[in-house]
Amino acid sequence: MALRVIAGALASLGGVALAQTAPAQALPTVVVSGSVAERRLDEAPYAASVIDADTLRAAGPMINLSEALTRVPGLTANNRQNYAQDLQLSSRGFGARAPFGVRGLRLYTDGIPATMPDGQGQVTHFDLASAARVEVLRGPFSALYGNSSGGVIALVSAPVRERFVDLDLDAGSSALRQARLTAGTPFGDGWEAQGGVSHMETDGLRPHSAARRTLANGRLAWTGASDQVLLLVNDIDQRAQDPLGLTAAQFAADPDQTAAQAEQFNTRKNASQTQLGARWRHRFDDAGVLSEGVLTAYGGRRSVTQWQSIAVGAQTPAGSGGGVVDFSRRYDGVDARALWRLGPATLVTGVNLERQKDDRQGYENFIGTGASQQLGVTGALRRDEENEAVTREAYAQVEWPLTTALSASAGVRAGRVTLSASDRFLGNGDDSGSLRYDYANPAVGLGWKLTPSLLLHAALGRGFESPTLNELAYRADGQGGFNTALRPQKSTQQELGAKWRAGGIELDATAFHVVTRDEIGVLTNSGGRSSYQNVGRTRRSGVELSGAWEFVPRWRAQMAIGTLNARYRDGFLTCTGTPCPTANVAVASGNRIAGTNGGSAYAELAWRPFEVAEDGELAVEWRGVKRTAVNDINSEWAGGYGLLNLRARHGWSWGAMRATLTARIDNVADRRYIGSVIVNDGNGRFYEPAPGRSFWVGLSLRL
């Protein structure tokens, strides 16, 4: 029965809707409320985690998903301390290679995709302050979401049950300051609306790492007898300096310094995005086997200008795309699905179409010569082209109960992604090109409710991940032009798991094994420009454990542990310096995949001194991470670390007014460590430092 939920949720691309409630004197009851039926999470036979609204608010100022996702086993969520490069997110090692943006995971907000048709996504527009929860799905069933390998991260907004106005004020280390205003109201007759705007500024951890962001979100929903309609709109404008990474020697000498090239070229990135999405769900009460239909549509625009630190001499070759990236993107998509009742079985079928067009230019990052030369400005045009990605998919999944305790699911998602470039800058030759990739991703699963307290589950599926337009932008020789030699990576994923609930204890355990062929890896990475190659076969395996225990009233302990053994099965050649016209250094079979660590752990002990949980809390957190390989040859590593954090919260009520004060001290021991890495950086600047002891205070007022 539980896999029926996955059928509807995966097929609709709406995310596995997971909800959480907390009755007094009991562990939270988590339900899976997909498009087919509601199920408790402990009866859903797949690896999934939920971060609820209370956890999001206690984890930090709700600027970055990394604040709370450290609680999810198998997931790496690193804050780069660099808003020009976004977060570093990976699931079971998928996505670790991304120099910016999110690869290898599908992203959604209220069922509207935040991942582009070519497979790359951003989470900067996620409105964490209005979220009811954030859902994380890992394992073979995540492959049914389309062009990805490692998992799904979906934000679900909280419904509006009463009129309210929220004002949130945040202050913290690195001169962080943020203000957020949110308001919502139910209108009656099934209508509700919510809107919010926030503005954040920070001076950054290191020199030349300041950033500012303005985010606006709106949500309008209507629920009728047989219909549900949802409209979403969001807009973000972000300006950020880029301090670049540090070498091992620079980090050892002073982790708070900035690479000289960052200030020399004034490295920075301006990004803006506006997106509109809609979803209509209709229930057919008298249509026989046809039970439900869902139509989802979205569209948006995104523009980015980034000034990189590519040396002037490296831009001399005719094929160079310059040192400034400037593109304007239009994208849209539509997904239609139908739910069918076939006796005891449930069948979901659907089609999906996504399109993306990038109007891309490249410019020199200098003007003039000799003593009058200026760096870090937009110079002569070196690249002018239109990039396009189109994805067409069809999918079907069926679920049926074999017995009262045993259920099965089987599905397939088949599609075609076409990636192309049309060159308009022909002075250095025609770099146009086109690639087409076809795929079919099947998945099967079983769930066995062995006892009322114990669920066993197993799944097998295939993943597919095409190169993104950014990964195809530069050939292996580091020059401009379409990288037509790059192939998609395909994986076979296996998962075994168990979920146990008894005596106030929640325990989830999952073991996984993934074999990938034609793994896409970084060939060269210098000055913000990366080129990629296929590196052969890889394998990933590990164990994920999570649990919670309310051992006495008002005391609660939580833990999450994930191990990862991610290795190359084939040897290959790569680059270790810049410039690098051809790969010249051997990578041995058995080396750890660059950007992955051996595992991580999280533990928390929280005490609620008051009868009502929201009136206050004191907690201590610990997080540990094993060392991370920074390059394919495994010649350098970012050291492992363990961190101790403290948090406190207290709430007051005066009539209709509610005030909550939350404070955190992170890295209490003031340990300096590497928070994230730049994979295979050609200049050896692999390391992005994390802050020492830091603080944050947030005041929330609700009327």
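Every chain is numbered independently, its residues counted from 1 as its sequence is written. Local features are withheld for residues below a pLDDT of 70 in this predicted model, meaning they are given only at 70 or higher, and side-chain atom pairs are given and counted only at 80 or more; totals for whole chains, interfaces and linings count all residues. Values shown for side chains rest on all heavy atoms present in the structure; no hydrogens or waters enter the calculation.

A. Geometry of the pattern of salt bridges. Here, a salt bridge means any side-chain nitrogen of Lys or Arg that lies within 4 Å of a carboxyl oxygen of Asp or Glu. All chains considered together, the criterion is met by 45 salt bridges. A salt bridge links Asp-110 to Arg-219; its shortest N-O distance comes to 3.8 Å. A residue pair is termed long-range when its members are at least 10 positions apart, and Asp-110 in the loop between strand S7 (105-109) and strand S8 (112-113) and Arg-219 in strand S14 (residues 211-223) qualify at 109 residues. There is no split in this pair, since Asp-110 and Arg-219 are both buried. For Asp-384, the salt bridge identified is with Arg-424, shortest N-O distance 2.9 Å. Placement of Asp-384 in strand S22 (residues 381-401) and of Arg-424 in the loop between strand S23 (406-423) and strand S24 (433-451) is noted, with a sequence separation of 40 residues between them. Under the relative-accessibility criterion, Asp-384 is labelled buried at 17%. Remark: exposure states derive from per-residue accessible area (1.4 Å probe, protein chains only) relative to the maximum for the residue type, with buried under 20%, exposed over 50%, and partly exposed in between. What makes Arg-424 partly exposed here is its relative accessible area of 40%. Among the ionic contacts, a cluster of salt bridges with common partners joins Arg-71, Glu-604, Glu-617, Glu-621, Arg-647, Arg-664 and Asp-666. For helices the rule is a DSSP run of H or I covering at least 4 residues; for strands it is a run of E covering at least 2, with both sets numbered from the N terminus onward.

B. Region of the structure containing the side chain of Ser-198. Here Ser-198 shows up in strand S13 (residues 191-202). Residue classification places Ser-198 among the buried positions, given a relative accessible area of 12%. Contacts of Ser-198, omitting those with residues within four sequence positions, involve Ala-179, Arg-180, Arg-213, Thr-214 and Leu-215. A contact between two residues is defined here by any heavy atoms of the two lying within 4.5 Å.

C. Local environment of the nonpolar core. Definition of nonpolar core: a set of buried residues of the types Ala, Val, Leu, Ile, Met, Phe, Trp, Tyr and Cys, connected through side-chain atoms within 4.5 Å. Leu-419, Tyr-437, Leu-472 and Tyr-568 are the most contacted members of the largest nonpolar core, which has 34 residues in total. Within the residue set of this core, elements represented by two or more residues are S23, S24, strand S27 (505-517), strand S28 (520-526), strand S32 (565-568) and strand S41 (674-677). Residues Ala-68, Leu-87, Val-134 and Leu-155 belong to the second largest nonpolar core, which totals 25 residues.

D. The packing of aromatic side chains, seen in detail. For Phe, Tyr and Trp, rings pair up if their centres lie within 6.5 Å, where Trp contributes its six-membered ring, and each pair is then called stacked (planes under 30 degrees apart), edge-to-face (over 60) or tilted (otherwise). Under the defined criterion, the tally for this structure stands at 10 aromatic pairs. An angle of 50 degrees between the planes, with centres 6.2 Å apart, marks the rings of Tyr-298 and Tyr-331 as tilted. Linking Tyr-298 in strand S17 (residues 290-307) with Tyr-331 in strand S18 (residues 324-342), this pair joins segments that are 33 residues apart in sequence. As far as burial versus exposure is concerned, Tyr-298 and Tyr-331 are alike and both buried. Aromatic side chains Tyr-641 and Tyr-673 sit 4.2 Å apart centroid to centroid with 35 degrees between the ring planes, which places their arrangement in the tilted category. Of the two residues, Tyr-641 sits in strand S39 (residues 641-654) while Tyr-673 sits in the loop between strand S40 (657-666) and S41, which places them 32 residues apart along the sequence. The rule is short: NZ of Lys or CZ of Arg within 6 Å of the ring centre and within 35 degrees of the ring normal puts a charge over the ring. Here the guanidinium or amino end of Arg-92 rests over the ring plane of Phe-512, the centre of that ring lying 4.3 Å away.

E. Region of the structure containing the sheet that holds strand S10 (residues 151-157). Two strands are said to pair when DSSP picks up at least two bridges between them. Pairing in this open sheet of five strands is mixed, and the strands run S4-S9-S10-S7-S8 from one edge to the other. Each having just a single partner strand, strand S4 (48-52) and S8 make up the two edges of the open sheet. Direction of pairing for S4 relative to strand S9 (residues 131-138): antiparallel, over a ladder of five bridges. Its bridge partner lying in S9, Ile-51 is registered against Val-134.

F. Highlighting the confidence of the model for the protein chain. Per-residue confidence from the predictor is reported as pLDDT, which spans 0 to 100. The share of residues in the protein chain with pLDDT of 70 or more is 92%, and the mean pLDDT across the chain is 88. In the model, residues 1-37 has pLDDT below 50 throughout and makes 133 contacts with residues more than four positions away in sequence or in other chains.

G. Structural detail: the pairing of S9. Burial runs high along S9: seven of the eight residues are buried. As paired strands, S9 and S10 are joined by seven bridges and run antiparallel to one another. Looking at S10, one finds that Arg-138 is bridged to Gly-151.

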